[in-house]
Amino acid sequence: MLFAIDVGNTNITIGLFDKDKLLKQFRMITKNKKTSDEYGVFLGELLGLNGYKRSDITDVIIASVVPDVMHSLTSGIIKYFDVNPVIVAPGIKTGIKLAVPNPKELGADRIVDAVAAYEIYGGPAIVIDFGTATTHDLILEDGSLFAGVTSPGIRLAANALWTGTAKLPEVEIKKVEKILGRDTVSSMQAGIYFGYVGQTEYIIKKMKEESGIKNLKVIATGGLGKIISDSTDAIDVYNPELTLQGLRLIYEKQ
């Protein structure tokens, strides 16, 4: 079985694959620093609680945007699973072309999402990942990752609202039906929610205009992307498994 591990700024998402079938998903917080032993024991316990053994894991692939985590995480996997993980990094086979001036600047998550979007849905496409940062990447018909737009993620932007003000409270980020808030909480929720829907639609519109490509399929994934995709016709597909599937697809190419 394959462990596909996506290390994001907020969460580490782990997928357990049997060939191309995603059996289980797990999440853990990235911010808490752990030793290699803690990672190894925790991952082993997750498997045990779900009826699997450490020996069931024969392969591991990792994409990370948090370098500080990698030494302990990879050491824990080697120590407790006796597997040397494949790391998504420059030079790895992906099946797509990184047609940007400096490919080394691209986050591993963006590459993985691009691979999954192109392999599953084809090109041309825009793939949006609603994570700690929200990324919008343009993939051409030939599979080239051509350009991108990066903006603050929904939760990051919302956190700035209540931490940067003296009297505004922390609120739940959720889909709301009306933009006319009648109190502080509902007005904040409306501003966060509809503001992000509007931002998403405008960025997609401008990407289509500047690229000159009208038949772009828009695929979204990540965190709070579901509440945005449910409220706009600008997004064609929401796939919460996109990043994990991209990791699996990249591993199969090695």
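Note that the coordinates shown come from a computational prediction; the quantities given were computed from them, not determined experimentally. (Residues numbered from 1 in each chain as written. Predicted model: local features only at pLDDT ≥ 70, side-chain atom pairs only at ≥ 80, totals over all residues. Heavy atoms only, no water.)

For the rest of this paragraph, the subject is the overall build of the protein chain. When helices and strands are tallied, the protein chain shows seven helices and 11 strands. In terms of overall size, the protein chain behaves like a compact globule, its C-alpha atoms giving a radius of gyration of 19 Å where 254 residues would be expected to give roughly 18 Å. With the C-alpha coordinates aligned to their principal axes, the bounding extent of the protein chain is approximately 55 × 45 × 30 Å. The proportion of buried residues among the 254 residues of the protein chain is 46%. (Helix = DSSP H or I, 4+ residues; strand = E, 2+ residues; numbered from the N terminus. Rg over C-alpha atoms; globule rule 2.2 N^0.38 Å. Buried < 20%, exposed > 50% of the residue type's maximum accessible area, 1.4 Å probe, protein only.)

Okay, the sheet that holds strand β8 (residues 133–139) next. Overall, mixed pairing links the six strands, which are arranged β6-β9-β8-β7-β10-β11 in an open sheet. The two strands at the open ends of the sheet, each matched to only one other strand, are β6 (97–98) and β11 (237–238). Sheet topology places strand β7 (residues 125–130) next to β8; six bridges connect them, and they run antiparallel. Opposite A125, over in β8, you have I139 as the bridge partner. (Pairing = 2+ DSSP bridges.)

Moving on, we get to unusual backbone geometry. Along the chain, G123 connects to P124 via a cis peptide bond; the corresponding omega equals 5 degrees. One can find P124 in the loop between α3 (108–121) and β7. Of note, K19 is a non-glycine position whose phi angle comes to about 60 degrees, a positive value. Positionally, K19 belongs in the loop between β2 (11–18) and β3 (21–29).

By the criterion of burial, strand β1 (residues 2–7) is predominantly enclosed, with six of the six residues buried. Where burial is concerned, the two faces of β1 agree: the one with L2, A4 and D6 and the one with F3, I5 and V7 are both buried. Sheet topology places β1 next to β2; six bridges connect them, and they run antiparallel. Bridge pairing in β2 places A4 opposite G15. Counting the residues that bridge the hairpin from β1 to β2 gives three residues. In this structure, β1 lies alongside strand β4 (residues 59–64), joined through six bridges in parallel fashion. Across the sheet, residue F3 finds its bridge partner in β4, namely V60.

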